[in-house]
Structure formats: structure tokens, C-alpha cells
Amino acid sequence: MSRVIEFKTSVATALSGLDISAKKMHELVGREKPAGQHHMKYTPADMRAIRYRSVGLEPPETSLMPKVETKIPPVIVTRMTKGGVGKTSISVNVAAALGMMGYRVLMIDADPQATASNLLGIETSSYGNTIAHIGQFLRRASNTPDSDLSAAIIQIYEGGFLDLIPSDITLAETDASLVAVMSSHTRAELFLARNVDFLSQNYDVIIVDTAPGTTPIGLAFSFAARASGKVLTVVEPEGSCLRALDSLASNLAEIKAVTGAQIAMEVIINKYHPSLKHVRESMGFLYSKYSSMLNDSIVPQFSGFARQLNPASKDAGPLVEFESVSVGATAIFDVAKSLVQSFRITQPGLTIGDK
């Protein structure tokens, strides 16, 4: 089920963030081009090797690395109170981009619509009643590690660079059941804490795509985001989306009032089209009210995002995989690299400052 991801030198250069030549990058990979292959093609494992060797280390798969502290990897929780802004598309493409960069990513689809799962090639409807989603873990009030967690995970990229806990419509039953649960807002944090050994051993970052609106699962993951100090949100620069952003800010303020958890927002502007007057006006509002929270990378309006879920296309899937040299993918790569810094994503034996 997992797939091999390969990409060209130009894409590898964009993903690495290193100011080095193509020749030097090839040297850092430490392998020759396969026979008959005209150009070097890179994999997530190559990008991981480049990151380590650029600072004089060998990847942990091939050398002994100092034991790192066991702690929950950075958790990027994506939330928005309005649907249709491109939140899931950004979440999945950022997860794919980080996987391509050589980070070990766990994507959790926490939306009963299962769009993130579908975008990653998992048609959950075909699983019948056999799918295991995040809901079954959030219902548990136990501190004992979940022995069935690994069985619930689907490997998307070969080598463990992108894994998925999928979703389906039955996840809505968990939302309904959590309404009557005491301290339901702590369930996501409890899930992460009791599985810290497994998660820290296998992943560098966890990305959670929540449902639009304000749901018990969304609130639980928002509370769990207090470890990072913020949630990631996506906004389209137009009126109704700006009101939804205000609504999310108000929701996070309520969480602080009730629980004491101070959770900020990091805002990604999506579907930017500078020739439209209302977009320019909305940008002015965003910069005046939310300037300190805005991610520096802006994702443009790009038709490729609409093609991702087209069942008639042989290239259905994350844009960064199939249109990796497009303006949309380039913007996603920039977003992913910025999130490495702002959410302090790193790898065993490396520091945040290492690429």
C-alpha cells in the first residue's frame, strides 16, 4: 500500500533549504545514480541523509546516535470554524512536503468527512467496518499505552516518512459521545501522553486535521496544542472567512477562560489572488489585526489544488507529489520549511538550527 516517492534535483534543492550545489547534494546522498537513469532522483531517505551529513553526522539508521529525551513530537493541529478555505488541502500537502523532506510524519485525520484520508489515497468507505480511527482512542480514559495503535496506522510513504490514522463517517459518533464525557477536552492530550514512547520513537512531527466548526474532537486537539502554544489555521482573504477567523480566535479565548490554556494561532493565507479588489481589502484587514500571527508564506490561487481529488486523474493526490515544480507546490514547500522553525520540528541528534 505504501508508495515510493522520487523527485528531481530542483525539487530536492527547494526542499533542503541548503545553499549548496547539485553536485554537493549528490555527494551528501552518498549513492550513485541507478544504471540507465539520466538524472539523479531523490527520495525522502536521501533528504534525511543530506540533512545529517551537511552537519557532519550520519543518519541514525546507519550510526549510533545519542539517546534523545522521550517526549511527544511537535503537534500541528489545524483548525478553522468555516469549511472550504483549503485547510485540509494545506494540511495534507504540508504533511507530504515534510515527509518528502525526510521528516517522519504522522497524519491524523480527525474529520468524519475523511477528506485528508481520501487525498492520501485511502478510500475509507472500502474498508467497511474494519477501519480504526482516532475516535476509538479518544474514547479511552486509560493511561495505559494503546496496544492496537500501530495496527490502526496506514503507511503512505515507504520508509515511514508519512503515516496516517485514517477517518470515516463513524468518527462523528465519537464527537457525539464526547459531549457527555467529563473533561472530554483532555482526551487528545491523554492519548498523546500515554503513547509517548511509540510516538517519539517513530515520528518527528504529528499533524492533525480537524473538522470545520467547533466540535468536541476539535476542542480536545486544540487543548492538546497548548504544548506547542498554538494551532495552525488557514484563511481565504474574503469577508466570511475573516469572520470565521475572528470566531476561531474567540473560541481559543474561551478555552483559555475555562482551562487556563493559552493557545495562539499561526495563520496561513490561502487562495491569494492580488488582482481582485476584495482580496486586497481583506489582506489589509488581516495585516492590521493579525499581522503578528501571519505566516510569511502566502499560498496563491492555483488550479492544481482543485485537481488533487479528481477521480478521473491518474495524478490524484497531494499537489506536492504530482505537480512538484508548480507555483502551488513551491508555496507549500515554503510553508513547510517555515513550520519546521515555528513548531520546532527536529530529528534525533539534530538541533532546531540544523536544516
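Everything here concerns the structure above.
Report follows, based on the coordinates.

Each value, and the rule that gives it
Residues numbered from 1 in each chain as written. Predicted model: local features only at pLDDT ≥ 70, side-chain atom pairs only at ≥ 80, totals over all residues. Heavy atoms only, no water. Helix = DSSP H or I, 4+ residues; strand = E, 2+ residues; numbered from the N terminus. Buried < 20%, exposed > 50% of the residue type's maximum accessible area, 1.4 Å probe, protein only. Contact = heavy atoms within 4.5 Å. Pairing = 2+ DSSP bridges. Polar contact = N/O pair within 3.5 Å; in protein donor to acceptor, adjacent residues only side chain to side chain. Phe/Tyr/Trp six-rings, centres within 6.5 Å; stacked < 30°, edge-to-face > 60°. Lys NZ or Arg CZ within 6 Å of the ring centre and 35° of its normal. Axes fitted to C-alpha atoms, helices over the stretch in contact; angles between N-to-C directions. Parallel < 35°, antiparallel > 145°, perpendicular 65-115°, else oblique. Nonpolar A, V, L, I, M, F, W, Y, C, P; charged D, E, K, R; others polar. Salt bridge = Lys/Arg side-chain N within 4 Å of Asp/Glu carboxyl O. Core = buried A, V, L, I, M, F, W, Y, C linked by side-chain atoms within 4.5 Å.

Considerations on the environment of Phe343
Take Phe343: it is sitting in the segment after helix 16 (327-342). Judged by its relative accessible area of 5%, Phe343 is buried. Note: C-alpha distance between Phe343 and Val231 (112 residues apart in sequence) is 9.9 Å. Among all residues touching Phe343, those that are not within four sequence positions of it are Pro74, Val75, Ile76, Ser228, Lys230, Leu232 and Glu266.

What to know about the pairing of strand 4 (residues 162-165)
Looking down a regular strand, the side chains alternate between one sheet face and the other. By the alternation rule, side chains of strand 4 split into Leu162 and Leu164 and Asp163 and Ile165, which are all buried. As paired strands, strand 2 (residues 105-110) and strand 4 are joined by 4 bridges and run parallel to one another. Opposite Ile108, over in strand 4, you have Ile165 as the bridge partner. The turn joining strand 3 (residues 154-157) and strand 4, which pair antiparallel and follow one another in sequence, is formed by 4 residues; a positive phi near 90° is taken by Gly159.

With respect to the side chain of Asp204
Summarising the element assignment, Asp204 is placed in the loop between helix 10 (196-202) and strand 5 (205-210). Looking at Asp204, its side chain comes within polar contact range of the side chain of Arg48, at 3.4 Å. Aside from chain neighbours lying at most four places away, what touches Asp204 is Arg48, Pro73, Pro74, Gly102, Tyr103, Arg104, Ile345, Thr346, Gln347 and Pro348.

Some words on the pairing of strand 3
By the bridge criterion, 3 bridges tie strand 3 to strand 4 in an arrangement that is antiparallel. Counted as the bridge partner of Tyr157 is Leu162 from strand 4.

Some words on the packing of aromatic side chains
What characterises a pair of aromatic rings is the spacing of the ring centres plus the angle enclosed by the ring planes. Summed over all chains, the structure comprises 3 aromatic pairs. On the basis of an interplanar angle of 65° and a centroid distance of 6.3 Å, the ring pair of Phe198 and Tyr203 is categorised as edge-to-face. Residue classification places Phe198 among the partly exposed residues on the basis of a relative accessible area of 27%. Look at Tyr203 and you get buried, because its relative accessible area is 4%. One residue, Arg51, lies across the ring of Tyr103, its end atom 4.2 Å from the ring centre. The ring of Phe343 has Lys230 sitting right over it, with the charged end atom 4.8 Å from the ring centre.

Let's talk about the packing of helix 4 (residues 87-100) against helix 16
Interaxial distance between helix 4 and helix 16 falls to 9 Å at its minimum, and their mutual angle equals 75°. What the angle tells us is that helix 4 and helix 16 run roughly perpendicular. Residue-level inspection shows Ile90, Asn93, Val94, Ala97, Leu98 and Met100 of helix 4 in contact with helix 16, the latter providing Ile332, Phe333, Val335, Ala336, Leu339 and Val340. Residue composition of the contact of helix 4 with helix 16, by class: 11 nonpolar, 1 polar and no charged.

Comments concerning the pattern of salt bridges
The final tally for this structure, using the stated rule, is 15 salt bridges. We note a salt bridge from Lys87 to Asp209, for which the minimum N-O separation is 2.9 Å. Of this pair, Lys87 sits in helix 4 while Asp209 sits in strand 5, and the two are 122 residues apart along the sequence. In this pair, the class of Lys87 matches that of Asp209, namely buried. Measuring nitrogen to oxygen at the nearest pair gives 3.7 Å for the salt bridge that ties Glu236 to Lys271. Placement of Glu236 in the loop between strand 6 (230-235) and helix 12 (239-259) and of Lys271 in the loop between strand 7 (264-269) and helix 13 (277-290) is noted, with a sequence separation of 35 residues between them. Judged by its relative accessible area of 25%, Lys271 is partly exposed. Salt bridges sharing partners connect three or more residues here, namely Arg140, Asp146, Asp148 and Arg194.

A look at the nonpolar core
Leu98 and Ile134 are the most contacted members of the largest nonpolar core, which has 105 residues in total. Contact partners of Ile134, with chain neighbours within four places excluded, come to Ile108, Asp109, Ala110, Ile165, Pro166, Leu171, Phe191 and Phe221.

Describing unusual backbone geometry
Here the phi dihedral of Ala114 falls at roughly 60°; this positive angle occurs in a residue that is not glycine. Mapped onto the elements of the fold, Ala114 is located in the loop between strand 2 and helix 5 (115-119). Unusually for a residue other than glycine, Lys271 sits at a positive phi of about 60°.

Details of helix 9 (residues 187-194)
The element helix 9 is extensively covered by neighbouring structure, given that 6 of its 8 residues are classed as buried. Along helix 9, the residues that are buried comprise Arg187, Ala188, Leu190, Phe191, Leu192 and Arg194.

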